[in-house]
Amino acid sequence: MICALLAPLPAVALPSFDEVRAAYRPSEATLLARDGRPLHSLRVDMQVRRLAWTPLADISPALLRAVIAAEDKRFMEHGGVDWLAAGSAAWSNLRGSRTRGASTLTMQLAGLIEEDGQRRGQRSFLAKIGQSAAALRLERSWSKGRIVEAYLNLVSFRGELQGVAAMSRALFGKWPHGLDDRESAIAAVLLRAPNATPDTVARRACTLLTELQRADECRGLEAFTFQALNHNLRDLRPEAPQLAPHLARKLLAEPGRDRRSSLDADLQAFAVDSLRRHLSALSRQNAEDGAVIVIDNASGEILAWVGSSGDLSGAAEVDGATALRQAGSTLKPFLYAQAFERRLLTPASLIDDAPLTLDTGNGLYTPQNYDPGYRGWVSARPALAGSLNVPAVQTLVRVGADAFHQRLRGLGFASLKEDGDWYGYSLALGSADVSLLMLSNAYRTLANAGKWTPLRALPAREPATAPCRQGGCEGVFDGKPHTVGTPAAAFLVGDILADRAARAGTFGLESWLATPYWAAVKTGTSKDMRDNWCVGFSPRYTVGVWVGNASGSPMHDVSGISGAAPVWREVMDRLQRAAHTPPPTAPAGVVGLTIRFEPALEPPRREWFIQGTEQPVVRAAAGQALTRIVYPADGTVIALDPDIPPARQRILLRLSGPMPKGGQWRINDQPLPAGTRERWLPQPGRHRLSLHDGRGTLVDSSRFEVRALRGKPR
């Protein structure tokens with residue numbers, strides 16, 4: 001009767017053993033280093049928990065005996081269908097008795113690999129007939145060993161655990177080859193009732209052990225079973241070292257697909273260790289989080305990506321490499337580079353480091369230096385190297401907030417979504433939010449003579465992909481290569497940031513920044529010491545470090561020089577052991593000469609200049625405050641009030657600093673009448689306001705509009 005039913009069934013093609021094994025996918029994927037070594041394993045498939053395929057030779061003989069005894073006693077004798085068991089089950093069904101069923105291991109395997117997922121696990125009569133036909137064909141082409149191997153890798157044991165490896169690791173904390181008789185019995189009875197209660201499993205396991213003549217193993221079985229099934233399913237810790245969780249979450253998307261990254265395994269491990277050691281030393285100062293990025297300057301490949309301090313952090317899942325935080329003083333080099341490029345300053349130009357109050361139109365802005373006190377006239381070299389705030393703001397006044405904002409956008413700071421006027425003068429001191437990735441690649445642009453290219457998290461031989469496009473990654477992994485600034489300006493800034501003597505006034509001659517090799521480096525600390533940074537480059541590598549708290553809580557007396565700089569120095573030292581690169585050479589258009597100051601505000605020194613701006617003698621009289629027009633700013637629209645007599649409506653012209661000696665206001669190229677000075681009687685129309693020094697040279701200008709409104713009805 002059954003043979004007659006099987007005969008007309010179409011012979012559906014069944015996959016081979018090799019095809020089944022090749023299609024098998026663990027729920028994990030592994031991130032590999034550039035040399036193929038495993039860096040981090042990550043669970044990707046959240047629907048099922050499967051580990052790597054386990055060969056038959058690595059499965060305990062005790063488990064094989066228990067499974068065959070529990071599921072298919074005549075497995076080694078039948079040809080896919082146990083006709084005796086099927087007949088017995090049929091007779092029991094006719095009598096109305098409860099039957100155990102007659103599905104063989106081969107039939108169950110046929111159901112597991114059935115292509116029609118909707119039929120998988122069905123117990124209808126037709127489904128059983130189909131599985132029987134498939135089992136007969138499997139037995140003709142597969143060996144018994146391959147059948148049981150595939151079955152134990154595909155079958156579900158309990159909950160989400162599928163396959164012998166996941167079951168063995170999760171329930172018993174060992175690999176399948178080490179399962180003993182008691183553990184094997186528990187696993188075998190789970191196949192028929194995966195969600196049974198621990199006491200039911202223990203009772204059935206004891207019955208099975210008795211059948212296997214291992215009744216002595218029943219002692220204490222209930223407690224052991226309860227512990228195995230209710231111990232929160234032991235963490236399936238992967239064998240790969242867990243060194244790059246944040247990048248792994250960005251790159252690994254397909255279950256079972258390992259992916260090679262650009263990371264250097266040894267460097268990644270070193271950076272993780274360095275960050276954790278230094279943060280442990282700062283634990284009493286409320287500093288628990290950090291991040292490290294290392295980039296190859298030439299290729300743009302990321303060699304180390306450390307997103308957090310791991311278990312030292314209360315928010316280890318937050319990626320400090322992509323989180324947006326206030327930049328602090330780390331944006332100053334780009335500001336000075338723009339000023340040098342536009343020939344508004346040279347490294348020898350004197351800037352007034354003195355109390356400064358700027359009228360922003362919405363209130364007064366009074367920048368202060370990190371250290372109390374002011375230095376008076378100071379040249380741009382120590383102003384930048386020593387990270388003086390007031391000279392930086394003075395420089396931004398000259399460059400312009402909007403122009404600087406556009407420069408930062410060109411450097412990849414896609415997080416600066418507002419315009420320059422929105423950030424205002426505080427942009428010079430890093431009030432904008434940036435990510436460590438953005439910042440590090442911008443410094444790499446300085447190392448590459450102003451050439452910006454996107455970063456890579458995959459080796460150069462693989463197609464470039466963006467591991468993340470939002471939340472601190474936009475504008476970093478995508479975008480066309482372009483030039484930002486000039487090689488000459490980039491060289492000047494790099495030379496200043498590598499100048500130990502120039503930074504000595506702020507940091508001393510000996511600090512974490514004073515490397516025995518050439519390296520340009522800058523620190524930064526945000527408001528209330530919530531973030532500190534240290535970013536710098538050698539001719540070959542760029543290293544960026546952030547230290548702070550993911551929660552945003554302030555640290556206690558931790559600055560860039562004490563928090564991030566030690567980690568930066570250790571990582572850079574390690575890189576330089578194998579990279580003996582000479583200092584950069586001056587590009588075309590840069591000249592060097594010895595300069596002196598009159599009076600001797602600073603010692604004579606050899607200085608670099610963009611050709612045409614060189615000045616062998618720098619006189620203090622030439623230094624003057626970088627005064628700019630504050631109101632009306634460029635683009636301002638002024639509406640006259642019809643209820644106020646026109647003669648009483650005056651516009652107060654405001655400057656960012658004192659009027660230059662002999663300075664003069666001009667409206668539409670016409671000098672303001674004597675006596676009016678800063679109080680101009682407005683006239684409807686479009687106007688150009690300009691400021692000129694005593695020699696008539698244009699200092700600044702703005703364009704604005706005055707509109708006359710109609711009077712109100714009375």
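In what follows, the structure referred to is the one given above.
Residues numbered from 1 in each chain as written. Predicted model: local features only at pLDDT ≥ 70, side-chain atom pairs only at ≥ 80, totals over all residues. Heavy atoms only, no water.

**With respect to the packing of aromatic side chains**
What counts here: Aromatic rings from Phe, Tyr and Trp, with only the six-membered ring used for Trp, were paired whenever their centres fell within 6.5 Å, and each pair was classed as stacked if the ring planes differed by under 30 degrees, edge-to-face if by over 60, and tilted otherwise. Helix and strand assignments come from DSSP, with helices taken as H or I runs of at least 4 residues and strands as E runs of at least 2, each series counted from the N terminus. Each residue is assigned to one of three classes by its accessible area relative to the maximum for its type, calculated with a 1.4 Å probe on protein chains only: buried under 20%, partly exposed between the two thresholds, exposed over 50%.
For the structure shown, the criterion picks out twelve aromatic pairs. For the pair Phe17 and Trp53, a centre-to-centre distance of 6.0 Å together with 80° between the ring planes defines the contact as edge-to-face. With Phe17 in helix α2 (residues 17-23) and Trp53 in the loop between β2 (38-43) and α3 (61-71), the pair connects residues that are 36 residues apart, well separated along the chain. According to the relative accessible area criterion, Trp53 is buried, its value standing at 11%. Pairing Phe491 with Trp608 gives two aromatic rings, centres 5.3 Å apart and planes at 85°, and the pair type is edge-to-face. Taken as a pair, Phe491 in helix α20 (residues 487-497) and Trp608 in strand β20 (residues 605-610) lie far apart in primary sequence, 117 residues in all. The class of Phe491 is buried, set by a relative accessible area of 12%.

**Some thoughts on unusual backbone geometry**
Note on backbone geometry: most residues besides glycine have negative phi, and most peptide bonds are trans. The step from Glu598 to Pro599 runs through a cis peptide bond, and the omega angle for that step is -10°. Secondary-structure assignment places Pro599 in the loop between β19 (590-598) and β20. Even without glycine at this site, Asn286 takes up a positive phi of about 55°. Within the secondary structure layout, Asn286 lies in the loop between α13 (265-281) and β6 (289-296). Exposure remark for Asn286: the relative accessible area of 28% places this residue in the partly exposed category. In this structure, Asn668 takes a positive phi of about 55° despite not being glycine.

**Brief notes about helix α22 (residues 565-577)**
This is how the line gets drawn: A helix is expected to span 1.5 Å multiplied by its residue count minus one.
Taking 1.5 Å of rise per residue, 13 residues should cover 18 Å, and α22 covers 18 Å from first to last C-alpha, within 8% of that figure. Most of α22 is tucked away: ten of the 13 residues are buried. Among all positions of α22, only Ala565, Pro566, Val567, Trp568, Arg569, Glu570, Val571, Met572, Leu575 and Gln576 are buried.

**Quick notes on the pattern of salt bridges**
Just so we agree on the cut-off: Within this document, salt bridges are pairs made up of a side-chain nitrogen of Lys or Arg and a carboxyl oxygen of Asp or Glu, the two lying within 4 Å of each other.
Across all of its chains, the model carries 35 salt bridges by this definition. Glu598 serves as the salt-bridge partner of Arg619, at 3.4 Å between the closest nitrogen and oxygen. Of this pair, Arg619 sits in strand β21 (residues 617-619) while Glu598 sits in strand β19; the two residues are 21 residues apart in sequence, bridging distant segments of the chain. Note on Glu598: relative accessible area 30%, which makes it partly exposed. In this structure, the salt-bridge partner of Arg688 is Asp669, at a minimum N-O distance of 3.1 Å.

**Observations concerning the sheet that holds strand β18 (residues 541-548)**
Think of a sheet as strands paired side by side through backbone hydrogen bonds, with each pair either parallel or antiparallel. The test is simple: Should DSSP find at least two bridges between two strands, the strands are taken to pair. Note on method: axes are straight lines fitted to C-alpha atoms, helices fitted across the in-contact stretch only, with angles between N-to-C directions ranging 0 to 180 degrees. Throughout, a residue-residue contact means that at least one pair of heavy atoms, one from each residue, lies within 4.5 Å.
Read across the sheet, five strands follow the order β7-β6-β18-β17-β16 without closing on themselves; strand pairing throughout is antiparallel. Here the strands that pair on one side only, and so sit at the sheet edges, are β7 (302-306) and β16 (520-525). Each adjacent strand pair in this sheet contributes to an overall mean axis angle of 5°, direction not counted. Strand direction decides the pairing type here: β6 and β18, joined by eight bridges, are antiparallel. In the strand pairing of β18, Asp289 is matched with Gly548. Contacts from helix α19 (residues 436-447) reach β6, β7, β16, β17 (531-537) and β18 within the one sheet, and its direction differs from that of β6 by about 35°.

**A word on the environment of Asp531**
What counts here: N or O atoms closer than or at 3.5 Å make up a polar contact, with two conditions inside protein: a donor-capable atom paired with an acceptor-capable one, and, for residues adjacent in sequence, both atoms drawn from side chains.
Its place among the elements puts Asp531 in strand β17. Sequence spacing of Asp531 and Trp546 is 15 residues, and the spatial spacing of their C-alpha atoms is 7.1 Å. With sequence-adjacent residues up to four places away left out, Asp531 is seen in contact with Arg325, Gln326, Gly524, Thr525, Ser526, Trp546, Val547 and Met555. In this structure the side chain of Asp531 is engaged in a polar contact, spanning 2.5 Å, whose partner is the side chain of Arg325. For Asp531, the side chain forms a polar contact with the side chain of Ser526, separated by 2.8 Å.

**Looking at the side chain of Ser313**
Structurally, the position occupied by Ser313 is in the loop between β7 and β8 (325-326). Of note is the side chain of Ser313, whose polar atom sits 3.4 Å from the backbone nitrogen of Ala316. In this view, Ser313 contacts Glu288 and Asp289; residues no more than four positions away in its chain are not counted.

**Overview of the state of the cysteines**
Rules: When the sulfur atoms of two cysteines come within 2.5 Å, that pair is taken as a disulfide.
Overall, the coordinates contain one disulfide when judged by the stated rule. Residue Cys206 pairs covalently with Cys218 via a disulfide, S to S 2.2 Å. Taking the sign of the torsion about the S-S bond as the criterion, the disulfide between Cys206 and Cys218, at about 110°, is right-handed. Here the residue Cys206 occupies a position in helix α10 (residues 198-211), and Cys218 occupies one in the loop between α10 and α11 (221-229), the gap between them amounting to twelve residues.

**Details of α11**
Keep this limit in mind: The arc in question is formed by the directions pointing from the helix axis toward the C-beta atoms.
Along α11, the positions that sit buried rather than exposed are Leu221, Phe224, Thr225, Ala228 and Leu229. Taken down its axis, α11 places every buried residue within 120° of arc, on the same side. Away from its buried face, by an angle of more than 90 degrees, α11 presents the exposed residues Glu222, Ala223 and Phe226. Against the buried residues of α11 lie β3 (156-158), α8 (164-172), α9 (181-190) and α10.

Function-wise, these values are silent; they only describe arrangement.
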